[in-house]
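Okay, here's what each chain looks like letter by letter:
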Amino acid sequence: MIKNYLKVAIRNLVKYKVFSFINVLGLATGVAVCLLVMLYVSDELSWDRHFSDSENIYRVGLHGRLGEQELIDPITPPPMAAALIAEIPGVVSATRLQNPGFPVLRYEEKVFSEEGFAWADSNFFNVFQLQLLRGDPKTVLRHPNHLVITESVAKRYFGDDDPIGKVLNADRRADYTVAGVLADIPRNTHFSSMNIFLSTSGRQGRGEDMWVNNNVMTYVRVQDGITKADLEAQMPQLVEKYVAPQVERFMGMDFQQFLNNGGLWSYYIEPVTDIHLKAQGSMKIEPGGDYTWLVLFSVVGVFLLMIAIINFINMSTARSLYRAREVGLRKTIGASRGQLITQFLTESVLTAIMAVIVGVLMAQLALPALREFTGKPLQIPYLTAGWFMPELLLAAIIIGILAGIYPALVMANFDPVKVLKGSFHRSRSSIVLRKALVIFQFSVSIVLLIGTLVVRGQLSYVMHKELGFNKNGILVVEKTDDLQTQASTFKEQIRQLPGVVGVTGNQNIMAVQQHENITPYNVQGEDANQQNLVWQKIVDHDFADVYQLKMKAGRWFSRDFPTDSGAIILNEAAVRSFGLDDPTTAVLTHPRGPNQEPQQLPVIGVVKDFHFETLHEPIKPLVFVMWDGPYIGRYQSIRYNTNNFPALLASVTTKWKEFSNNQAFEHFNYDESFDNLYQADIQTRTLFSVFALLAVFVASLGLYGLAAFNAVQRTREIGIRKALGASSGNIVVLLGKEIMNLVITSALVATPIAWYLMREWLAGFAYRIQLSPTPFLYSAFAAIMIALLTVSYQSMKAAMGDPVRALKYE
Amino acid sequence: MIRTSKLTKVFRTEEVETTALNQVDLEVRKGEFLAIMGPSGCGKSTILNILGLLDTPSGGEFYFLDHDILKANDKERTALRRNHIGFVFQNFNLIDELSVFENVELPLLYQNVPAAERKQRVDELLGKVGVAHRRNHFPQHLSGGQQQRAAVARALVTKPAVILADEPTGNLDTKHGEEVMALLSDLNDEGTTIVMVTHSPEYARHADRIVNLLDGEIQNIQDNGSYKG
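Residues numbered from 1 in each chain as written. Chains lettered and ligands numbered in written order. Predicted model: local features only at pLDDT ≥ 70, side-chain atom pairs only at ≥ 80, totals over all residues. Heavy atoms only, no water.

Across its full length, chain B carries 7 helices and 10 strands. By principal-axis analysis of the C-alpha atoms, chain B measures approximately 50 × 40 × 40 Å. Across the 229 residues in chain B, those meeting the buried criterion constitute 56%. At a minimum sequence separation of 6, the contacts of chain B that also span at least 24 residues come to 69%. Accessible surface for chain B amounts to roughly 10000 Å². Of this, 45% is attributable to carbon and sulfur atoms. Charge-centre separation for chain B: the mean point of 25 positive side chains lies 5 Å from the mean point of 32 negative side chains. (Helix = DSSP H or I, 4+ residues; strand = E, 2+ residues; numbered from the N terminus. Buried < 20%, exposed > 50% of the residue type's maximum accessible area, 1.4 Å probe, protein only. Contact = heavy atoms within 4.5 Å. Areas by Shrake-Rupley, 256 points an atom, 1.4 Å probe, with all protein chains shown as cover. Lys, Arg positive; Asp, Glu negative; His and termini not counted. Charge placed at Lys NZ, Arg CZ, Asp CG, Glu CD.)

As structure tokens, then:
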């Protein structure tokens, strides 16, 4: 029997080629998208799950509020780890990680600036059980100045030589001995960019007991059964016991008063497995994923498959009329309902299997693009995962049944007497359902179209908004800190190069590299409990010139005023934040100056507000402080005004070689890096565009198929209308009107959904476009045009038909 | 073998009620060739559909092989139809996607007959109706007469108690019509019970009895005296 079902199924697939093609292509597109989304999602969800006992590892973070500013970041004070072990029941161990910057390491002729350099406690590899190729995890980080490096780093410095016992010099200051080699850290680890771990032993004494310094990451491993909530419940007692006295001592504030003024000082706990997707705060060892978008795009992937399944349902029910006679006949000669349903499901499952095969091929073809797009080495696990092939088959069967069950039930219910007599007409309910399904398809498509337009609009706004400084024409040379005392000479000589207008040394690169420090100030003479958290930027005399900031009042730091090293400059937001009427006469107090004493700093100027972060963030209060050391900076920013950039780059490179002692020349163009900050948003834009395109494509496929059947079904009606005097034009309008109504209804359904989603997305930007009706109207119009174009061929064909033949039909 | 008493069929739509059959008493005897005649709309097809268990009567009594059909459910009716009734239609109703052989084989598939027996029975019948040489062709490649002979073979393949033929010659020219009628006569001579609806008095003469139907009621029954029992 099953053989007969298959035979009929295959012959039907071959006979109705257009129908089969549309179904297979549509479903295959849905399958391919779902498969790719699934690969991406399962990769994103795999982060940090490879640690044994990963569900028992947590990270501690700080949630504080001072004045108007709130701070949420995974940073903690150095004594936190020891206190957790000593005082919180259920904590098995606690360990710390700190990324102090990137030293330049040397071994013989090999010189590299190391970005993945971290300090780690001796029990780090007990909490995170990474594969240690050399060395004992229990002791390897116990000795001062001992290093654990990854295999790749070992290869880079020592080639095939045994790395154990080799000495690496850091910044020409300290010597570190390699004591262990780690297998390269799995890509799906939230600190996978770390590749050199230095023992924290012997570093005690540097603020090890300071609870008000938040500069290390603290991780804990707990006993089974201890939850995040259990840990969080214990944190207030630590604040009370340790933090409160130090706030009073070092910041000059009464802690109770601080709380009464609306201040907050608390610690939160996050599971290590949540860090990649749901980490709180903006400070990250490396960029995380976005859980909301992960969910959203999974939903869109499933919707796409649903659109394709709907095509199948719609066309099968539309086509069922063609098969009515066959059904009637099979019933007449004794087929039961069950047998008929089985037969039709065999056909839909067979179609689905073909679609899955084609879909996997399509996914394979699209995989390189996805790898490039996501930067993930994704693979389709054909044979590497035993469950994959059976799962695909199961998916095909489920898709086949979902797509086939409704048409099968409809057809199995046909009354043989009626269908064999030919007095059989499509039922009202199936037409209503078909319309509802088309509306669903087009609603999804239109939501995605609107999303595409809004995201494009916002990104274009973001890219072109006046930033308050000039991001173009700046070349940044990285990792110049190893030049040390020669840095000033290097800077001066670069300044003399043709085409160079100015050079400024920077500790970090605005918006691009690391965030600004946050520090409390209050207005001199005002209550010390009224401190305000502000962002602080350490600069040299040339910063404002190179980045072309605009002064609002007063002046920038000048070499003509030696006292400027004790002065500060504010932005407008800071002026507002402190409530200063006459800022250039004001003096601010920093609670803890160089000698742990309050320090008084006169304001000498105000710069106009500028975007020192992306447009996702509002412009925050910012204080500029002069760097008073002999040299500044990990970076030199070079403003140039030459059209011959290659020549400039070449001359800077030559200069670098004179000074750098073999260190590699690393550089970037500021504007490119700045634009790259919107990478995630650009990815969102691409995803929206691709999904919108695919949704429209699959929905149009379905509409085309449906129009073909519709035109045939209405041949007689069209014939009668023409016999009564309707022109071909009238007929095209008649057929088009129905589609128009459906698409307009879809637009009405899509509008509020898209409006809500886009408002949510735009809320992620402090500076954003207003949602106007334009993208909504454009999308609806585009959908209508696409739909009309899709059905026009069929409508024309039906309208041009010979009415005599049409009337004879049946 | 088939017996109806006061058999009534009423079609109802929202506004109109049409009586298609009114108090029909009819008996079909084993081995009999019965023809039903009458003008369009007289209820010929309705009675054939009811006799074929495709349609249910609105009232009266109806016994098929001693089963009370008014009390039978859909599953029982399907089983009776599958095992005891063969249909021949005016427009042949062969399935386009199946070859001649597969069309004839289909009822046996629904009866779960083993493959070897299916092949033997189908080939035997195809030979008998004279289309063995077209067994692997698809219906659209056959002449009307050949199609109808294949359809007769399909009706016969389950060895049904009765063949119900609805204007079997209606779509055929005279020559092919004669061929099919001759085939049905031969089958009847060999003992197959046949109930045939027809417009043609010419072909009705092949029958043992002719039932004349008008407006859903039996006007009269002509007996040609040829029934041998």
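Continuing now.
The element helix H1 (residues 44-51) of chain B is extensively covered by neighbouring structure, given that 7 of its 8 residues are classed as buried. Looking one or two places after H1(B), you find Leu53(B), whose phi comes out positive at around 60°.

Tracing the sequence through the fold places Thr332(A) in helix H10 (residues 324-332). Relative accessible area serves as the criterion here: at 0%, Thr332(A) is assigned to the buried category. Apart from residues no more than four positions distant in its own chain, Thr332(A) is found in contact with Pro416(A), Leu420(A), Leu54(B), Arg81(B), Phe87(B) and Phe89(B).

All names here are of chain A. Using the criterion set out here, one finds 5 cavities of 30 Å³ or more in the structure. Roughly 140 Å³ of volume is contained in the largest cavity. For the largest cavity, the lining is made up of 16 residues, of which Phe312, Ser316, Arg319, Glu347 and Ser348 are closest to its centre. Of all elements in the fold, only helix H1 (2-15), helix H9 (291-319), helix H11 (337-374) and helix H12 (388-412) reach the threshold of two or more residues within the lining of the largest cavity. Taken together, the residues of the lining of the largest cavity sort by class into 8 nonpolar, 5 polar and 3 charged. Here the second largest cavity defines a volume of roughly 80 Å³. Around the second largest cavity sit Trp47, Arg59, His190, Ile275, His276, Ala279, Lys284, Ile285, Glu286, Pro287 and Gly288, which together line it. Here the lining of the second largest cavity is composed, by residue class, of 5 nonpolar, 3 polar and 3 charged. (1 Å grid on protein atoms, 1.4 Å probe; cavity = no way out; pocket = protein on both sides within 12 Å on 5 of 7 lines; lining within 4 Å. Points joined across faces, edges and corners; volume = space filled by probe spheres on them. Nonpolar A, V, L, I, M, F, W, Y, C, P; charged D, E, K, R; others polar.)

What follows covers the sheet that holds strand S6 (residues 85-88) of chain B. All names here are of chain B. Taken together, 6 strands build an open sheet; the order of strands is S6-S7-S8-S3-S9-S10 and the sheet is mixed. The sheet terminates laterally at S6 and strand S10 (217-223), the two strands that pair on one side only. Here the average twist between neighbouring strands, direction ignored, is 20°. Strand direction decides the pairing type here: strand S7 (residues 162-166) and strand S8 (residues 193-197), joined by 5 bridges, are parallel. Paired with alanine 165 across the bridge in S8 is methionine 196. Lying over the sheet, helix H5 (residues 144-156) contacts S6 and S7, oriented at roughly 170° with respect to S6. (Pairing = 2+ DSSP bridges. Axes fitted to C-alpha atoms, helices over the stretch in contact; angles between N-to-C directions.)

Here the focus is the interface of chain B and chain A. Across the contact, 23 residues belong to chain B and 23 residues belong to chain A. Where chain B abuts chain A, roughly 2300 Å² becomes buried across the two surfaces, and 57% of that area is made up of carbon and sulfur atoms. Viewed at the interface, chain A and chain B are joined by 4 salt bridges. The salt bridge involving Arg325(A) is made with Asp96(B); its shortest N-O contact spans 3.8 Å. Linking chain B with chain A are 11 residue pairs in polar contact (both at pLDDT 80 or more). The set of elements that each furnish at least two residues to the side of chain B that touches chain A consists of helix H2 (74-84) and helix H3 (100-110) of chain B. The leading source of residues in the side of chain B that touches chain A is H3(B), at 5 residues. (Buried area = accessible area lost by both parts, 1.4 Å probe. Salt bridge = Lys/Arg side-chain N within 4 Å of Asp/Glu carboxyl O. Polar contact = N/O pair within 3.5 Å; in protein donor to acceptor, adjacent residues only side chain to side chain.)

Moving on to the packing of H3(B) against helix H4 (residues 115-129) of chain B. Residue and element names in this part refer to chain B. Packing of H3 against H4 leaves a shortest axis separation of 10 Å and a crossing angle of 130°. Relative to H4, H3 is oriented oblique. Judged by the sense of rotation from one axis to the other, the crossing of H3 with H4 is right-handed. Within the contact between the two elements, H3 uses Val100, Phe101, Val104, Glu105, Leu108 and Leu109 and H4 uses Arg118, Lys119, Arg121, Val122, Asp123 and Leu126. (Parallel < 35°, antiparallel > 145°, perpendicular 65-115°, else oblique. Left-handed = near helix turned anticlockwise from the far one by under 90°.)

Residues and elements named next belong to chain A. What the rule picks out here adds up to 40 aromatic pairs over all chains. Taking the centre distance of 6.2 Å and the plane angle of 20° together, the rings of phenylalanine 51 and phenylalanine 191 count as stacked. You can see phenylalanine 51 sitting in the loop between helix H2 (17-45) and strand S1 (57-66) and its partner phenylalanine 191 sitting in the loop between strand S10 (174-182) and strand S11 (196-199), a full 140 residues away along the chain. In terms of burial, phenylalanine 51 and phenylalanine 191 fall into one category: buried. A centroid spacing of 5.6 Å and a plane angle of 80° characterise the contact between phenylalanine 124 and phenylalanine 125, whose relative ring orientation is edge-to-face. Since its relative accessible area comes to 0%, phenylalanine 124 is described here as buried. Grouping aromatic residues by their ring pairs yields a cluster made of Phe469, Phe543, Tyr547, Trp556, Phe557, Phe610, Phe612, Phe624, Tyr670 and Phe674. The ring of phenylalanine 158 has lysine 166 lying over it, and the distance from NZ or CZ to the ring centre is 5.9 Å. A cation sits over an aromatic face here: arginine 555 above phenylalanine 561, 3.7 Å from the ring centre. (Phe/Tyr/Trp six-rings, centres within 6.5 Å; stacked < 30°, edge-to-face > 60°. Lys NZ or Arg CZ within 6 Å of the ring centre and 35° of its normal.)

Here the focus is the confidence of the model for chain B. The share of residues in chain B with pLDDT of 70 or more is 100%, and the mean pLDDT across the chain is 90. Interface confidence in the predicted complex, given as ipTM, is 0.77; pTM for the same model is 0.80. (pLDDT = per-residue confidence, 0-100.)

Let us look at a nonpolar patch on the surface. All names here are of chain A. A cluster of nonpolar residues, Leu393, Ile397, Ile401, Ile405 and Leu409, forms a patch on the protein surface that exposes about 360 Å² of accessible area. Structurally, isoleucine 397 can be placed in helix H12. On the accessibility criterion, isoleucine 397 (34% relative accessible area) is partly exposed. (Patch = residues over 30% accessible without salt bridge, like charges linked within 9 Å, V, L, I, M, F, W, Y side chains within 5 Å.)

Counting buried positions along H3(B) yields 11 of 11 residues, so the element is predominantly enclosed. Of the positions making up H3(B), those classed as buried are Val100(B), Phe101(B), Glu102(B), Asn103(B), Val104(B), Glu105(B), Leu106(B), Pro107(B), Leu108(B), Leu109(B) and Tyr110(B). Looking at the buried residues of H3(B), the elements they touch are H1, H10 and H11 of chain A together with H2, H4 and H5 of chain B. Positive phi shows up at Asn112(B), right after H3(B), with a value of about 60°.

Turning to the nonpolar core, a few remarks are in order. Among the nonpolar cores identified, the biggest contains 120 residues, and Phe469(A), Tyr547(A), Leu549(A), Trp556(A), Phe610(A), Phe624(A) and Tyr670(A) are the most heavily contacted of them. Residue contacts for Trp556(A): discarding those within four places in its chain leaves Val539(A), Asp540(A), His541(A), Phe543(A), Ala544(A), Leu549(A), Met551(A), Asp564(A), Ile569(A), Ile604(A), Val607(A) and Phe624(A). By size, the runner-up hydrophobic cluster in this structure holds 50 residues, among which are Leu345(A), Ile50(B), Leu53(B) and Leu106(B). (Core = buried A, V, L, I, M, F, W, Y, C linked by side-chain atoms within 4.5 Å.)

In a beta sheet, neighbouring strands pair by backbone hydrogen bonds and run either parallel or antiparallel. Residues and elements named next belong to chain A. Pairing within the open sheet is antiparallel, and its 4 strands lie in the order S15-S23-S14-S24. Of all strands in the sheet, those with a lone pairing partner are strand S15 (500-506) and strand S24 (667-669), marking the two edges. Strand-to-strand twist in this sheet, taken as the mean axis angle between neighbours without regard to direction, amounts to 20°. Taken together, the 6 bridges between S15 and strand S23 (residues 635-640) define a ladder with antiparallel strand orientation. Its bridge partner lying in S23, valine 500 is registered against tyrosine 640. Running at roughly 160° to S15, helix H15 (residues 487-496) makes contact with S15 and S23 of the sheet. Across the face of the sheet, helix H18 (residues 645-660) comes into contact with strand S14 (474-477), S15, S23 and S24 while running at roughly 25° to S14.

Before going further, it helps to spend a moment on the pattern of salt bridges. Inspection of every chain in the model, using the stated rule, returns 47 salt bridges over all chains. In this structure, Lys155(A) and Asp160(A) form a salt bridge, with 3.9 Å as the shortest nitrogen-oxygen distance. Among the residues examined, Asp160(A) registers a relative accessible area of 71% and is labelled exposed. One salt bridge connects Arg29(B) with Glu32(B), and the closest N-O pair in it is separated by 3.0 Å. Owing to a relative accessible area of 0%, Glu32(B) belongs among the buried residues under this scheme. Look at the salt bridges and you will find they share partners, linking Asp43(A), Glu44(A), Arg187(A) and Lys376(A) into a network.

What follows covers the environment of Gly375(A). Residues and elements named next belong to chain A. Along the chain, glycine 375 turns up in the loop between H11 and H12. Residue glycine 375 is classed as exposed on the basis of its relative accessible area of 60%. Spatially, the C-alpha atom of glycine 375 lies 13 Å from that of glycine 288, the residues being 87 residues apart in sequence.

Before going further, it helps to spend a moment on the environment of Arg121(B). Residues and elements named next belong to chain B. Mapped onto the elements of the fold, arginine 121 is located in helix H4. According to the relative accessible area criterion, arginine 121 is buried, its value standing at 12%. Spatially, the C-alpha atom of arginine 121 lies 32 Å from that of isoleucine 210, the residues being 89 residues apart in sequence. Other than its neighbours up to four places away in sequence, arginine 121 contacts Leu108, Val113, Val157, Thr158 and Lys159.

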